[in-house]
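# Architecture at a glance
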Amino acid sequence: MVSIVKLFYHVDPSVYRERMDKVRQQFSMHEEVDEDKTILLLEDKSKIELVTGSYDPRCDEKALVRVVLVDKKLKDFFDSVFGTPYMIKQA
């Protein structure tokens, strides 16, 4: 049985783009941008299902990043990029 872990982070807007780029490059992910939302995807979802980030400078004080992991061992990497998650959900 696959155990999914969802990590939720608040990110300083001044480093949001840089941190999302770091993740995209580290895993060679495909990026889709839709207005204030950034979606990072892999064809092979065996380790990372999805990384999404949202930030609207008109109304958001912090950027929000959600990481959906299949491989829980990657949590340390994402914590090193985005900081301590404010919420963790296990599915």
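What counts as what
- Residues numbered from 1 in each chain as written.
- Predicted model: local features only at pLDDT ≥ 70, side-chain atom pairs only at ≥ 80, totals over all residues.
- Heavy atoms only, no water.
- Pairing = 2+ DSSP bridges.
- Helix = DSSP H or I, 4+ residues; strand = E, 2+ residues; numbered from the N terminus.
- Axes fitted to C-alpha atoms, helices over the stretch in contact; angles between N-to-C directions.
- Contact = heavy atoms within 4.5 Å.
- Phe/Tyr/Trp six-rings, centres within 6.5 Å; stacked < 30°, edge-to-face > 60°.
- Buried < 20%, exposed > 50% of the residue type's maximum accessible area, 1.4 Å probe, protein only.
- Parallel < 35°, antiparallel > 145°, perpendicular 65-115°, else oblique.
- Left-handed = near helix turned anticlockwise from the far one by under 90°.
- Nonpolar A, V, L, I, M, F, W, Y, C, P; charged D, E, K, R; others polar.
- Core = buried A, V, L, I, M, F, W, Y, C linked by side-chain atoms within 4.5 Å.

Attention shifts here to the sheet that holds strand β6 (residues 87-90). Strand order in this open sheet of six strands is β2-β3-β4-β5-β1-β6, and the pairing throughout is antiparallel. Edge positions in the sheet fall to β2 (30-34) and β6, since each has one partner strand and no second. Between one strand axis and the next, the sheet turns by 15° as a mean value, whatever way the strands run. Inspection of the sheet shows strand β1 (residues 5-11) paired to strand β5 (residues 63-69) by seven bridges, in the antiparallel sense. Counterpart to lysine 6 in the pairing with β5 is valine 68. Most of the contacts of helix α2 (residues 75-82) go to β1, to which it runs at about 10°, and overall it touches β1, β4 (48-54), β5 and β6.

A few words on the packing of aromatic side chains. Tallying each qualifying case throughout the model produces seven aromatic pairs. Summarising the aromatic geometry, the rings of phenylalanine 8 and tyrosine 86 are spaced 6.3 Å apart at their centres and angled 55° between planes, so their arrangement reads as tilted. Within this pair, whereas phenylalanine 8 is found in strand β1, its partner tyrosine 86 is found in the loop between α2 and β6, the two being separated by 78 residues in sequence. With a relative accessible area of 13%, phenylalanine 8 lands in the buried category. Grouping aromatic residues by their ring pairs yields a cluster made of Tyr9, Phe27, Phe77, Phe78 and Phe82.

Attention now goes to the packing of helix α1 (residues 13-27) against α2. Between α1 and α2, the shortest axis-to-axis distance is 9 Å and the interhelical angle comes to 150°. Considering the angle they form, α1 stands roughly antiparallel to α2. α2 is crossed by α1, and the crossing has right-handed handedness. Here Arg19, Met20, Lys22, Val23, Gln26 and Phe27 of α1 come into contact with α2, specifically with Phe77, Phe78, Val81 and Phe82. Within the contact of α1 with α2, the residues separate by chemical class into seven nonpolar, one polar and two charged.

The next point concerns the nonpolar core. With 23 residues, the main nonpolar core has Val23, Val51, Phe78 and Phe82 as its most contacted residues. Within the residue set of this core, elements represented by two or more residues are β1, α1, β4, β5 and α2. With residues up to four places along the chain from it excluded, the contact list for phenylalanine 78 reads Leu7, Tyr9, Val23, Phe27, Ile48, Val51, Val67, Leu69 and Gly83. Ile4, Ile39, Leu50 and Val70 belong to the second-largest nonpolar core, a separate cluster that totals five residues.

Nothing here speaks to function; it is geometry throughout.
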